[in-house]
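# Breakdown of the fold
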Amino acid sequence: MKFLNITTLWQKLVSPWRPESNREAGSGIVANFLLHWFPNRISVRSLAFSASFYLGTITFVILLALTVTGVVLMFLYVPSVERAYWSIKDLDHAVSFGWLLRRLHRISAHLMVALVFLHMFRVFLTGSYKAGEIVRSARPFNWVLGVTLLVLTLLLSFTGYLLPWDQLAFWAITVGTNIAAAVPVVGEKTRQFLLGGTVIGQPTLIRFYVLHCALLPLALFAVAAWHMWRIRKDGGLAIVEQDRQEALVRKPAEPKKSKTYSVLGIASGTTVQVNDPTTLNEDNSVPSTPFLTIRILVVSLLTLAISIGLSLVVRAPLEAAANPEVTPNPAKAPWYFLGLQEMVGYSALMGGVIIPTVVVLGLMLIPFLDREQKGIGIWFTDGPGRRWAAFGVLYGLVTTCGCLAIALLAPMRDIFPTIESQFFFDLVNPATFLLLLFAGMYFLVLKKTSSTRYAAIATFCAFIVAFVLLTYTGTALRGPNWDFFWPWQAWPSHPMAL
Amino acid sequence: MASTDTTNGAVQISTGGDSVQTRRGFLGRLTGAVVALGALVASWPLLRSLVPNVLYEPPKRFRIGTPESFQEGVTFLEEHRIFLFRESSSFHAISGVCTHLGCTVKFSPFMTPQEETVRQLTYRALGEFQCPCHGSKFRGEGTNFAGPAPRPLMCFQVELSPATGELVVDTATEVARDFRLVV
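Residues numbered from 1 in each chain as written. Chains lettered and ligands numbered in written order. Predicted model: local features only at pLDDT ≥ 70, side-chain atom pairs only at ≥ 80, totals over all residues.

Another point: the overall build of chain B. Helix and strand counts for chain B come out as one helix and 14 strands. Per-residue burial over chain B gives 26% buried out of 183 residues. (Helix = DSSP H or I, 4+ residues; strand = E, 2+ residues; numbered from the N terminus. Buried ≥ 20, exposed ≤ 12 C-beta atoms within 10 Å, placed from the backbone.)

The number of helices and strands found in chain A is 20 helices and four strands. Dimensions of chain A, computed from the C-alpha atoms along their principal axes, are close to 95 × 70 × 45 Å. Residue pairs in contact within chain A that sit at least 24 positions apart in sequence constitute 76% of those at least 6 positions apart. (Contact = placed C-beta atoms within 7 Å.)

Okay, the domain arrangement of chain A next. Residue and element names in this part refer to chain A. The domain boundaries assigned to chain A delineate domain 1 (36-242 + 287-328) and domain 2 (332-487). Among the secondary structure elements, those contributing two or more residues to the side of domain 1 that touches domain 2 are α7 (98-125), α8 (139-162), α9 (167-180) and α12 (240-249). The element best represented in the side of domain 1 that touches domain 2 is α8, accounting for nine residues. Within the side of domain 1 that touches domain 2, the residues separate by chemical class into 22 nonpolar, seven polar and three charged. (Domains from an automatic or database assignment. Nonpolar A, V, L, I, M, F, W, Y, C, P; charged D, E, K, R; others polar.)

Moving on, we come to the interface of chain B and chain A. Opposite the 26 residues of chain B that make contact, chain A presents 33 residues. Looking at the side of chain B that touches chain A, the element that brings in the most residues is strand β8 (residues 106-118) of chain B, giving four residues. Residues belonging to the side of chain B that touches chain A are distributed by class as follows: 14 nonpolar, seven polar and five charged.

Residue and element names in this part refer to chain B. Of the residues in chain B, 90% have a pLDDT of 70 or more, and the chain-wide mean is 86. The least confident element of chain B is strand β1 (residues 2-5), whose mean pLDDT is 43; the most confident is strand β12 (residues 155-160), at 94. For residues 1-12, every residue scores under 50 in pLDDT, and the model assigns this stretch 15 contacts once sequence neighbours within four places are set aside. Here the predicted complex carries an ipTM of 0.75, next to a pTM of 0.85. (pLDDT = per-residue confidence, 0-100.)

Below, the discussion takes up the confidence of the model for chain A. Overall, the predicted model of chain A reaches an average pLDDT of 88, with 91% of residues at or above 70. Mean pLDDT in chain A bottoms out at strand β3 (residues 271-274) of chain A, which sits at 52, and peaks at helix α5 (residues 55-76) of chain A, which reaches 97.

Attention shifts here to the packing of α8(A) against helix α15 (residues 348-369) of chain A. Residue and element names in this part refer to chain A. Interaxial distance between α8 and α15 falls to 8 Å at its minimum, and their mutual angle equals 165 degrees. One way to sum up the angle between α8 and α15 is to call them roughly antiparallel. Between α8 and α15 the crossing geometry is right-handed. Contacts between α8 and α15 involve Pro140, Trp143, Val144, Val147 and Val151 from the former and Val360, Leu363, Met364, Ile366, Pro367 and Phe368 from the latter. Broken down by class, the residue content of the contact of α8 with α15 amounts to eleven nonpolar, no polar and no charged. (Axes fitted to C-alpha atoms, helices over the stretch in contact; angles between N-to-C directions. Parallel < 35°, antiparallel > 145°, perpendicular 65-115°, else oblique. Left-handed = near helix turned anticlockwise from the far one by under 90°.)

So, on to the environment of Leu397(A). If you trace the backbone, Leu397(A) turns up in helix α16 (residues 383-409). As a C-alpha pair, Leu397(A) and Trp99(A) span 298 residues in sequence and 40 Å in three-dimensional space.

What follows deals with α7(A). Given a rise of 1.5 Å per residue, 28 residues ought to cover 40 Å, and the 40 Å separating the end C-alpha atoms of α7(A) matches this to within 8%. Looking at the residues trailing α7(A), positive phi occurs at Gly127(A), about 65 degrees. (Expected span 1.5 Å × (residues − 1).)

Residue and element names in this part refer to chain B. Strand order in the open sheet formed by four strands is β8-β9-β10-β11, with antiparallel pairing between adjacent strands. Looking at the sheet topology across the chains shown, the edges are occupied by β8 and β11 (144-146). Taken together, the two bridges between strand β9 (residues 121-130) and strand β10 (residues 137-138) define a ladder with antiparallel strand orientation. Its bridge partner being in β10, Phe129 is matched across the sheet by Phe138. (Pairing = 2+ DSSP bridges.)

Let us now look at the environment of Gly132(A). Residues and elements named next belong to chain A. Mapped onto the secondary structure, Gly132 falls in the loop between α7 and α8. According to the C-beta neighbour criterion, Gly132 is partly exposed, with 19 such atoms within 10 Å. In the structure, Gly132 is positioned 241 residues away from Gln373 in sequence and 5.8 Å away in space, judged by C-alpha atoms. Apart from residues no more than four positions distant in its own chain, Gly132 is found in contact with Ser137, Glu241, Arg244, Gln373 and Ile376.

What follows deals with unusual backbone geometry. Residue and element names in this part refer to chain A. For the bond from Thr289 to Pro290, the omega torsion is 0 degrees, close enough to zero to count as cis. Following the sequence through the fold, Pro290 ends up in helix α13 (residues 288-313). In this structure, Trp165 takes a positive phi of about 55 degrees despite not being glycine. Here Trp165 lies in the loop between α8 and α9. In this structure, Thr381 takes a positive phi of about 65 degrees despite not being glycine. Residue placement: Thr381 occurs in the loop between α15 and α16.

On to the packing of α5(A) against α13(A). Any two packed helices are characterised by the angle at which their axes cross and by the distance between the axes. Residue and element names in this part refer to chain A. α13 packs onto α5 with a crossing angle of 55 degrees between their chain directions and a minimal axis gap of 9 Å. Between α5 and α13, the interaxial angle falls into the category oblique. Note that α5 runs across α13; the crossing there is right-handed. Residues Thr57, Ile58, Val61, Ile62 and Ala65 of α5 touch α13, and the partners they reach there are Ile296, Val299, Ser300, Thr303, Leu304 and Ser307. Here the residues of the contact of α5 with α13 sort into seven nonpolar, four polar and no charged.

What follows concerns the pairing of β12(B). Residue and element names in this part refer to chain B. Examined bridge by bridge, strand β7 (residues 90-95) and β12 share two bridges and lie antiparallel to one another. What sits directly across from Ile94, in β12, is Cys155. Pairing of β12 with strand β13 (residues 167-174), which is carried by five bridges, proceeds in the antiparallel orientation. In the sheet register, Glu159 faces β13, and the bridge partner there is Val168. Counted along the chain from β12 to the antiparallel partner β13, the turn is six residues long, and its residue Gly165 has a positive phi close to 75 degrees.

All names here are of chain B. Relative to β9, β8 runs antiparallel, the two being bridged by nine bridges. For Ser108, the partnering residue across the bridge sits in β9 and is Glu128. If you look at the hairpin formed by β8 and β9, you'll find two residues sitting between the two strands, and Arg119 has a positive phi there, around 45 degrees. Following β9, the chain reverses through six residues before pairing antiparallel with β10; Gly135 in that reversal takes a positive phi of roughly 75 degrees.

As a further point, take the environment of Gly345(A). Here Gly345(A) is to be found in the loop between α14 (338-344) and α15. Through-space distance from the C-alpha of Gly345(A) to that of Pro79(A) is 32 Å; in sequence the pair is 266 residues apart. When residues no more than four places from it in sequence are discounted, the contact partners of Gly345(A) are Trp482(A), His134(B), Gly135(B) and Pro148(B).

Right, here's the structure in full:
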């Protein structure tokens, strides 16, 4: 029988599909529902791993993994204060593969937060938020959508953090929601609206559950779809601007035969010759199938393999059931908020409200502050860009370490022992110093180079360093009573406390 | 003078001034306003329903036991997050909720109690409070002296129930830090 023909079967298994014409490759994209969001042809430059590290793709694959595991977990989780903790215990011990689902969902959530940050770093450092001069694209707006996605990802992760209803969850949410209360005037009302009462309880759990499982995922998917649709509308990755530049200076080639059809009554014969001025041509682009699709497939499979592999070795912690009467010592927020918690340790208003607001607004405004159009898609723009990046890293290192040293060695209350006004300490503290130092650097570099791009690069690199250092300090160097411990110092095992 | 714009099918009315109003433009703005008003009206019950009118939370005023049942010194009432201090026949209660971000503070006792004057109040200090979340510290009578805590710990009203002779703590009523109930 024919299907037993081993050779044909083997060929079908091992040899990838090789379209015989551009037309066949194109209809491979257009005719397939799953592939229709890819362009017909793709720039060779944007396929390069170093252009994007495929971070956006990886983030989306992780989001899909989170959705699939999350839906299954919804069947197994009960959002009530009596049952929530025990349904998580059941996942770990009584449900077949429950431990795997929970670990995969948790590790993917952490990975997604990290990946969204890395993706943002990549887009910034390659200048991919710029509109471009040849075709004014809406990439600045897409950057704003991206920052919105970052905020939504953090909110999703934060709301999911409460659901296990253990000590870790309960106190991270206590600290997190009390930060909202630090907002002047409307703070306490906002906190009570989030909690659905005056203390964390059943109304809080159901609120966070619905936000985590319905409202925030819907918003995230809607904005993510918009984000990806915009990439197509803007002509692909920003490095395509380089192709556009080249197309602009390219000499009009000899007219070549590119379309063959009958043009009755307009031209004689059955052939017209067209000079193809478009950005993508035979030399600088390839059909999306199979060149892009096979890469995305490989990246997706690797992403899934790595996250499943990680969830086999990294345990999902579950502490004692939530107990409002006992605060664990130290009590810490999720890792990506520990940089903030470190600054909240100086002032709740400055570290918890003002700085996050300034950072999110500042991030959103980047493409509108920096409107220079050179080096789009190229890492650090050019040579001076690389030097200013190095300067920013060094500056961030020195200033952040300096502010940490002030916080540890000379707390403001020791320097000004006679001042009792809380407002004074909300304004004068290491977090404020850091904010002012970074803002000052932006304007100094801007003045020295007259380039918004170099100023932005230096400030952004300093911001990355500060974020990493503060997060590391909050995670690894803070022990019981939020005291400072070097990595080689052991934490006291029996704290002197009632 | 009214003139008809045949290409759009809209009637253009010259008002004589600089602004040119079209019926289509006016209707468009009217539609926008009605939609916005409708969305506002519709969102009010949606959001208002999420602000609770009845709270099923533990009462703010509760009995904690007879005065004799408490030891000399400090007792932490876990359930209510309150530190109850007893000096022979005098009682007072300090909140265990850190005024920074709401963690439960820990009481760290001194080796020996010592006389202390904090903000013109001289008292016998048994120890100090420490918060595990951001390292705030409070004196034995509640005054914050280190870390980010913005205010002193709250002191609550303590009464004696005439009916049962038990101590009653009212966490809805804040009192001065020199408040003492003498039984």
